[in-house]
Amino acid sequence: MSVRVQREDFDLGAEVSLLQAGDTDIGAIVSFTGTVRGEAGGRAIQSMRLEHYPGMTEAELGRVEDEAHARWSLKRSLIIHRYGELKPGDNIVLVVTTSKHRQAAFEAAEFLMDFLKTRAPFWKQELDAEGRGGWVDAREEDNSAVERWKK
Amino acid sequence: MASIKLLYFAWVRERIGRGEETLDIPDEVAKVSDLKAWLCLRGPEYVAAFEKPEAVRTAIDQQHASADSLLVNVREVAFFPPVTGG
C-alpha cells in the first residue's frame with residue numbers, strides 16, 4: 001500500500017512494474033489514470049492549478065486505501081496524485097490495484113477513485129488563455145458515485 | 001480559551017486574504033458552526049468567506065468534520081470549499 005502526493009509527473013508502466021515486482025501471487029492488475037481535459041463547459045483551458053492540504057491529503061488518501069484493503073482481498077495498491085500547475089493532456093492521478101483475481105482489483109480501483117474525488121482535499125482552478133478562470137465546483141455525480149458503495 | 005491554528009484553502013483563503021493564522025478561541029465556541037459564526041465577528045472578509053456557512057467544509061486535525069463537530073483538544077481546524085480532486 002502506498003500513497004504519493006507530488007508535483008512531478010509519473011510513468012504508468014514503471015509504476016506498475018515496480019508494484020508487481022517480486023509478487024507472482026498477483027493475477028490481476030488494474031490501473032486508472034486521470035488526465036487534464038482541454039476544455040470545460042465549452043471554454044478552452046490553457047492550464048489547471050491544483051491546490052491541496054499537505055498532511056491531510058496523504059492521511060486521507062491513506063484512510064481511503066485502508067478501507068479498500070479492508071473491503072477487498074487486494075495485494076498491493078498505489079495512489080499518486082499531482083498538484084501544482086498542469087496543462088491539457090497532463091496526468092493528474094494514478095490508481096493501481098492488484099489482486100489474485102480480477103474482480104477485487106476492478107472494484108477496488110473504482111472505489112478508490114470515487115472516494116478520492118469526494119474526500120481527498122484538492123481544489124482545481126481552470127485558467128483560460130488570458131489567465132482567467134475560476135475554482136471548479138464539486139459535481140453532484142461524484143457524490144452519487146460514492147453513495148452506491150454504502151449499500 | 002484555546003489557541004487553535006486555522007487554515008484556509010482555495011476561495012476561502014482568497015476571500016479571507018490569508019492561508020493560515022493562530023487565534024485564541026473563547027471557551028463558549030464549542031462547535032464548528034460556532035467557530036464560523038465567531039470568525040464572522042472579526043471582519044467583512046470572514047463574512048464574505050462564510051456567507052453560506054454550509055458551503056464551507058471543515059477538517060479538524062486533518063480529518064473531515066461536520067458543523068456539529070465539537071472543538072475539544074483541537075490543534076488545527078481547516079476551512080475549504082467542497083473538494084475537487086481526481
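Parameters and conventions
- Residues numbered from 1 in each chain as written.
- Chains lettered and ligands numbered in written order.
- Predicted model: local features only at pLDDT ≥ 70, side-chain atom pairs only at ≥ 80, totals over all residues.
- Core = buried A, V, L, I, M, F, W, Y, C linked by C-beta atoms within 7 Å.
- Buried ≥ 20, exposed ≤ 12 C-beta atoms within 10 Å, placed from the backbone.
- Helix = DSSP H or I, 4+ residues; strand = E, 2+ residues; numbered from the N terminus.
- Contact = placed C-beta atoms within 7 Å.
- Axes fitted to C-alpha atoms, helices over the stretch in contact; angles between N-to-C directions.
- Parallel < 35°, antiparallel > 145°, perpendicular 65-115°, else oblique.
- Left-handed = near helix turned anticlockwise from the far one by under 90°.
- Nonpolar A, V, L, I, M, F, W, Y, C, P; charged D, E, K, R; others polar.
- Pairing = 2+ DSSP bridges.

K.L.:
Quick one: what's the story with the nonpolar core, residue by residue and with numbers?
P.N.:
Of all hydrophobic cores here, the largest spans 51 residues; its most connected members are Ala108(A), Leu112(A), Phe9(B), Val12(B) and Ala78(B). Here the element with the most residues in this core is helix α3 (residues 102-119) of chain A; it accounts for 8 residues. When sequence neighbours within four positions are dropped, the list of residues in contact with Ala78(B) reads Tyr53(A), Met56(A), Leu7(B), Phe9(B), Thr58(B) and Ala59(B).

K.L.:
Go over the packing of α3(A) against helix α4 (residues 140-147) of chain A with me, naming the residues and quoting the values.
P.N.:
Residue and element names in this part refer to chain A. Orientation of α3 relative to α4, taken along the N-to-C sense of each, is 130 degrees, at an axis distance of 9 Å. With respect to their mutual orientation, α3 and α4 come out oblique. For the pair α3 and α4, the crossing hand works out as left-handed. Counting all contacts with α3, which are made through Asp-114, Phe-115, Lys-117 and Thr-118, the residues of α4 involved are Asp-142, Asn-143, Ala-145 and Val-146. Residue composition of the contact of α3 with α4, by class: 3 nonpolar, 2 polar and 3 charged.

K.L.:
Could you give an account of the interface of chain A and chain B, with specific residues and numbers?
P.N.:
In this complex, chain A contributes 21 residues to the contact, which on the side of chain B involves 14 residues. Broken down by secondary-structure element, the contributors of at least two residues to the side of chain A that touches chain B are α2 (56-71), α3 and β9 (122-127) of chain A. Of the residues forming the side of chain A that touches chain B, the biggest block, 5 residues, is contributed by α3(A). Tallied by class, residues from the side of chain A that touches chain B come to 13 nonpolar, 4 polar and 4 charged.

K.L.:
Give me the lowdown on the sheet that holds strand β1 (residues 2-8) of chain B, citing residues and values where you can.
P.N.:
All names here are of chain B. Spatially, β2-β1-β5-β3-β4 is the arrangement adopted by the 5 strands of the open sheet, whose pairing is mixed. Looking at the sheet topology across the chains shown, the edges are occupied by β2 (20-25) and β4 (63-65). This sheet shows a mean twist of 30 degrees between the axes of neighbouring strands, independent of strand direction. Across 3 bridges, the pairing between strand β3 (residues 57-60) and β4 is antiparallel. By the bridge assignment, Ile-60 is partnered in β4 with Gln-63.

K.L.:
How would you summarise the packing of α2(A) against α3(A) if you had to cite specific residues and measurements?
P.N.:
All names here are of chain A. Following both chains from N to C, one finds α2 and α3 inclined at 150 degrees, their axes separated by 10 Å at the closest point. The pairing of α2 with α3 is recorded here as roughly antiparallel in orientation. For the crossing formed where α2 meets α3, the hand is right-handed. When α2 is examined against α3, the residues Glu-60, Leu-61, Val-64, Glu-65 and Ala-68 are found in contact with a partner set consisting of Ala-108, Phe-111, Leu-112, Phe-115, Leu-116 and Arg-119. The residue makeup of the contact of α2 with α3, split by class, is 8 nonpolar, no polar and 3 charged.

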